[in-house]
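# Observations on chain architecture
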Amino acid sequence: MKNAIKIIASLFLIVVFTTTVVKAEDWAVPNSSKKKQNPYEASTKNISSGKKIYNINCKSCHGDATMGNMLPLQPVAPSDLGSQAFLVQSDGEIYYKINKGRAAMPTFEKTLSDEAKWMVVTYLRSFDKNKKASKQVAEIKNPEVTDVKLVLDINQEDKKVAANLTGLTKKGDRVALQGIELSIKVKRSFGYLDVSGDDAFTDDKGNVEINFPADLPGDREGHVNLLVKVTDDAYYGELAVDRIATLGVPTDPVNPLDERAMWGTRANAPIWIIVSYAGGVIGIWGIIFLVLFQLIQLPKLAKNKE
Amino acid sequence: MNDLPEQKETTLSFEKIKQDVLRPMQNHRGLELWIVFLITVISVGAWAYYVQLRDGLGVTGMRDYVSWGLYIANFVFFVAVSLVGMLISSILGLLKVDWIAPISRIAEIIAVAFVAVAGLVIVLDMGRPDRVLNVMIHGRFQSPILWDVTVITTYLVISALLLILPMIPDLAICKKEIKTAPPMLKKLYAILSFGYTNTPEQHKHLHKMIRTLMVLIVPVGLAIHTVTSWLFAATLRNGWDTTIFGPYFVAGAFVAGSAALIIAMYFFRVNYKLQDYITELHFDKMGKLMVAVCLVYLYFNVNEFLVPGYKMKTGDGIHLKELFTGHWAILFWSSQLFGNIIPVILLVTKKFRKPLPIMIISIFVLASAWFKRYVIVIPTMLHPHLPIQNVPDNYQHYFPSSVEITVTVLSFALALLIITVLAKIFPVVPICEIADQKGIDYKIEE
């Protein structure tokens, strides 16, 4: 009997464990991003500035780190970012997740600077009980270059976008820059849609090629605004190229604000409500003015008598 | 004091009515003191409002969650009290209920004062009052805010007309009789009496106009309360998201308005020595009317709270538990008991419908009506669909700041000042109407 309980308990634990692992794997972080290291040291100053940034940007959903008072959202509540289960991730993984967001978790790519994001990682890491000594991973070393160029090659027939990143060495050679992440985005009504895919890092020839999604709506002619940039501006500064390309599906846009509806602007108010309002106001004020007009006639009536 | 009012009525002559009504307008002992007091209170309130204008709405207790605080509760209260004009002089007037004649003018004065201040309270609640015209310029026809602004203005204008028009014969008398009035006031009487000399033609003409306005004010009066309720009911918040809010507000307004009228009747009767006109009969009738409107309001309250209370849907459940047994229980239950249930029980007995007891009961009813508005506005804001957390402590609770309270006192003082001034320059009891009713012949000379 005891054995049976033990077996059931261990089976249960295994199931729970595997499902949590599966859940954790849901949010795939590309290998190249995982390897990123926090460039800032865990000094008291950095931790406290990380805490400030955390309180402004993260606390409203995630609650206080280690306190477990996160917002009880459905179906998935935000994680407690101070928990050990969360901190088994590498710095690069946490950074990637802050950067990209997912579902209810917003992206902080634009709203926080790189430094601010790393400060938050530093702050969270301060809760890590088994602070692993950061392992130095062999990183690709690009030569020091100037005049970095990002060249786009768009194949509109096959819906492929190819980018090439090169720089000029001191000797005057143009060389490919390797292992740099690019963001490939399409402008939409609010902000950008990232179509980079999972692993948009330049290869040894400085190339990144992605397949543009086949079902993305464009304007009437199928034009989309494409923006390709170097994700991490710590390397080569702000480097971006934008282009209008015929990659989208031609679409006639429908603006729900164009129809007459209760939620519309004043100009698009439903006819019945304009008529009722105007009718009410004109009718009632008409009678008021009629009464006022009759009031003026009152003195005349006194004279009539005489 | 007036056990047999019918006997006294026979002794009334036109001269006596005239003297009795006009005497308080010429003899004003203690009135200056009262006005100075009100102006002092208003000045202090104006200073508080200046602080709010200078430093912004941050000086109030309102924050991101409770963004409608004391001011909106006040606004709803003022709007509610103002309905008495429509109830007494218009509905009962059209039904040819004759006992309202001596008190209908007091009802109109209250209506004008309270609806004027209600409009002002909304401006006091605005962080940028300089943009108030934008409501008209950029208002959407779909928004209850635009309807509210329109309907309050309209109600104010019609109420003012319903105050002045029936008063034209009396003003013609004032023009003649009040010798001590300052020249400005004499001019006002001359203008507003419109050369009225009570010819049969004029009489007919004037009463046609008054009847038109009486009919017109009924839909406008109903609209002002319905629209005020829709400001709330058009949202999805628990506690406001209900279909009964329109009639609920109208019924509540009848209660608050009647209570305010009874209090005013008592003070005018005592201070202006109008015992022969505002008789015990009027208090008795008003008491019966109060029972009727309280019962209607009680019925709507049962619908408003019992039906959702039976189901206790998650959001409603949180809201109702807080009202019934939680943080708001004392305010909620005392407003229901003192403003509704106990007055009904007391006022069915004749001895509580005597002037003094019914006036005291009315004070409780009016105060409860105010607290009821507070309970309608604020708790709902504190129970949003997502829980309030990880925000500064003063976001999670609302309590009006001293600035808010002072500005609120200002609005009450202003309403009282308007009533005082109107009751000082105009006869509070209609002279000619009473004479007409009693069949006393009179002449108004040019």
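Residues numbered from 1 in each chain as written. Chains lettered and ligands numbered in written order. Predicted model: local features only at pLDDT ≥ 70, side-chain atom pairs only at ≥ 80, totals over all residues. Heavy atoms only, no water.

## Section: the overall build of chain A
The helix and strand tally for chain A stands at 9 helices and 8 strands. A buried classification covers 35% of the 306 residues belonging to chain A. Sequence separation of at least 24 residues holds for 57% of the intrachain contacts in chain A that already meet a minimum separation of 6. (Helix = DSSP H or I, 4+ residues; strand = E, 2+ residues; numbered from the N terminus. Buried < 20%, exposed > 50% of the residue type's maximum accessible area, 1.4 Å probe, protein only. Contact = heavy atoms within 4.5 Å.)

## A word on the packing of aromatic side chains
Where two aromatic rings form a pair, the distance of their centres and the angle of their planes describe that pair. Tallied over the full model, the rule gives 33 aromatic pairs over all chains. Plain terms: the ring middles of Y248 of chain B and F305 of chain B are 6.5 Å apart, the flat faces sit at 75° to each other, and that makes the pair edge-to-face. Pair noted here: Y248 of chain B is in helix 12 (residues 245–271) and F305 of chain B is in helix 13 (residues 280–311), with a separation of 57 residues, a long-range link. Each of the two residues, Y248 of chain B as well as F305 of chain B, counts as buried. In this arrangement the basic side chain of K187 of chain A is found over the ring face of Y192 of chain A, its NZ or CZ atom lying 5.4 Å from the centre. (Phe/Tyr/Trp six-rings, centres within 6.5 Å; stacked < 30°, edge-to-face > 60°. Lys NZ or Arg CZ within 6 Å of the ring centre and 35° of its normal.)

## Looking at the sheet that holds strand 5 (residues 192–194) of chain A
All names here are of chain A. If you walk across this open sheet you meet the 4 strands as 5-4-7-8, and the pairing is antiparallel. Two strands lie at the open edges of the sheet, namely strand 5 and strand 8 (240–245), each paired on one side alone. Neighbouring strand axes in the sheet, compared pairwise and without regard to direction, differ in orientation by 30° on average. Of the pairings in the sheet, the one linking strand 4 (residues 182–187) to strand 5 comprises 3 bridges and is antiparallel in character. Of the residues in strand 5, the one forming a bridge with K187 is Y192. (Pairing = 2+ DSSP bridges. Axes fitted to C-alpha atoms, helices over the stretch in contact; angles between N-to-C directions.)

## Examining the interface of chain B and chain A
The interface of chain B with chain A comprises 36 residues on the first partner and 37 residues on the second. At the boundary of chain B with chain A, total buried surface from both sides reaches about 3000 Å², with 72% on carbon and sulfur atoms. Considering only the side of chain B, the residues that lose the most area to chain A are F141, Q142 and N390 of chain B, jointly responsible for 22% of the buried surface there. Seen at the junction of chain B and chain A, the total is 0 salt bridges. Counting every contact that joins chain B to chain A gives 12 residue pairs in polar contact (both at pLDDT 80 or more). Listed by contribution, the elements that provide at least two residues to the side of chain B that touches chain A are helix 7 (134–137), helix 8 (144–164) and helix 11 (200–233) of chain B. Counting residues per element, the side of chain B that touches chain A draws most heavily on helix 11 of chain B, at 10 residues. (Buried area = accessible area lost by both parts, 1.4 Å probe. Salt bridge = Lys/Arg side-chain N within 4 Å of Asp/Glu carboxyl O. Polar contact = N/O pair within 3.5 Å; in protein donor to acceptor, adjacent residues only side chain to side chain.)

## Comments concerning a nonpolar patch on the surface
All names here are of chain B. A cluster of nonpolar side chains, namely W333, L337, F338, I342, L356, I360 and F364, defines an oily patch on the protein surface of about 610 Å² accessible area. Taken together, the elements giving at least two residues each to the nonpolar patch come down to helix 15 (329–347) and helix 16 (355–382). Top contributing element to the nonpolar patch by residue count: helix 15, with 4 residues. With respect to the secondary-structure elements, F338 resides in helix 15. (Patch = residues over 30% accessible without salt bridge, like charges linked within 9 Å, V, L, I, M, F, W, Y side chains within 5 Å. Areas by Shrake-Rupley, 256 points an atom, 1.4 Å probe, with all protein chains shown as cover.)

## What to know about the side chain of T60 of chain B
Residues and elements named next belong to chain B. Mapped onto the elements, T60 comes out in the loop between helix 3 (31–55) and helix 4 (70–82). With a relative accessible area of 2%, T60 lands in the buried category. A polar contact of 2.6 Å, which involves the side chain of T60, links it to the backbone oxygen of L57. When residues no more than four places from it in sequence are discounted, the contact partners of T60 are Q52, Y71, S401 and E404.

## So, the UniProt feature "domain: Cytochrome c" (unreviewed entry) in chain A
As annotated in UniProt, the feature "domain: Cytochrome c" (unreviewed entry) corresponds to residues 45–128 of chain A in the numbering used here. For residues 45–128 of chain A, the end-to-end C-alpha separation is 17 Å, with 51% helix and 0% strand making up the annotated structure. (UniProt positions renumbered as here; feature names shortened; annotations may be inferred.)

## With respect to the nonpolar core
Of all hydrophobic cores here, the largest spans 160 residues; its most connected members are I88, L165, Y189 and L261 of chain B. In this view, I88 of chain B contacts G93, I100, S104, A107, L261, M286 and L289 of chain B; residues no more than four positions away in its chain are not counted. Ranked by size, the runner-up nonpolar core spans 27 residues in total, among them I154, A163, A200 and A245 of chain A. (Core = buried A, V, L, I, M, F, W, Y, C linked by side-chain atoms within 4.5 Å.)

## A short note on the UniProt feature "transmembrane region" (unreviewed entry) in chain A
Look at the UniProt record and you will see "transmembrane region" (unreviewed entry) annotated at residues 271–296 of chain A. Helix makes up 100% of residues 271–296 of chain A and strand 0%. Its end C-alpha atoms lie 37 Å apart.

## Side note on a positive patch on the surface
On the surface, K96, K204, K208 and R211 of chain B cluster together to form a positively charged patch. Position of K96 of chain B among the secondary structure elements: in the loop between helix 5 (84–94) and helix 6 (101–124). (Lys, Arg positive; Asp, Glu negative; His and termini not counted. Charge placed at Lys NZ, Arg CZ, Asp CG, Glu CD.)

## Brief notes about the packing of helix 15 of chain B against helix 16 of chain B
Relative orientation and spacing of two packed helices are given, respectively, by the angle between their axes and the distance between those axes. Residues and elements named next belong to chain B. Remark: helix 15 packs on helix 16, axes separated minimally by 8 Å, with the N-to-C direction vectors making an angle of 150°. If you check the angle between helix 15 and helix 16, you find them roughly antiparallel. Every pair of crossing elements has a handedness; the one defined by helix 15 and helix 16 is left-handed. Note on element contacts: helix 16 touches helix 15 through I358, I361, F364, V365, S368, F371, K372, Y374 and V375, opposite L331, F332, S334, S335, Q336, F338, G339, P343, L346 and L347. (Parallel < 35°, antiparallel > 145°, perpendicular 65-115°, else oblique. Left-handed = near helix turned anticlockwise from the far one by under 90°.)

## Some remarks on the confidence of the model for chain A
When pLDDT drops low, the exact placement of atoms in the prediction is not to be read closely. All names here are of chain A. Averaged over all residues, the pLDDT of chain A equals 83, while 89% of them reach at least 70. Across chain A, element-level confidence peaks in strand 7 (residues 224–230) with a mean pLDDT of 92 and bottoms out in helix 1 (residues 2–26) with 61. Across residues 133–138, where pLDDT falls below 50, the model places 4 contacts with residues more than four positions away in sequence or in other chains. (pLDDT = per-residue confidence, 0-100.)

## Here's the deal with helix 19 (residues 431–438) of chain B
Residue and element names in this part refer to chain B. Listed as buried for helix 19 are I431, C432, I434 and A435. Along helix 19, the residues classed as buried sweep out an arc of 160° about the axis, all on the same side. Lining the buried residues of helix 19 we find helix 2 (14–26), helix 6 and helix 9 (168–177). Count one or two residues on from helix 19 and you reach G439, which has phi positive near 75°. (Arc of directions from axis to C-beta.)

## Some words on the pairing of strand 2 (residues 160–168) of chain A
Residue and element names in this part refer to chain A. Pairing geometry for strand 1 (residues 146–155) and strand 2, over 8 bridges, is antiparallel. When the bridges of strand 2 are listed, I154 appears paired with V161. With antiparallel pairing between neighbouring strands as the criterion, strand 1 and strand 2 make up a hairpin whose turn holds 4 residues, including K159 at a positive phi of roughly 55°. In terms of strand pairing, strand 2 meets strand 6 (residues 207–211) through 5 bridges, oriented antiparallel. Within strand 6, the residue paired with V161 across the bridge is I210.

## Structural notes on the state of the cysteines
Under the counting rule described, the total for this entry stands at 0 disulfides over all chains. Residue C174 of chain B stays outside any disulfide, its sulfur separated by 9.3 Å from that of C432 of chain B, the closest cysteine. (Disulfide = S-S within 2.5 Å.)

## A closer look at the environment of K35 of chain A
Mapped onto the fold, K35 of chain A is located in the loop between helix 2 (31–34) and helix 3 (44–57). Note: C-alpha distance between K35 of chain A and D91 of chain A (56 residues apart in sequence) is 8.0 Å.

## Structural notes on the pattern of salt bridges
Residues and elements named next belong to chain B. For the coordinates displayed, the defined rule picks out 22 salt bridges over all chains. D284 is the partner of K288 in a salt bridge, and the nearest nitrogen-oxygen pair spans 3.4 Å. Here K288 and its partner D284 are both found in helix 13, 4 residues apart, which amounts to about one turn of the helix. The class of K288 is partly exposed, set by a relative accessible area of 43%. A relative accessible area of 11% places D284 in the buried class.

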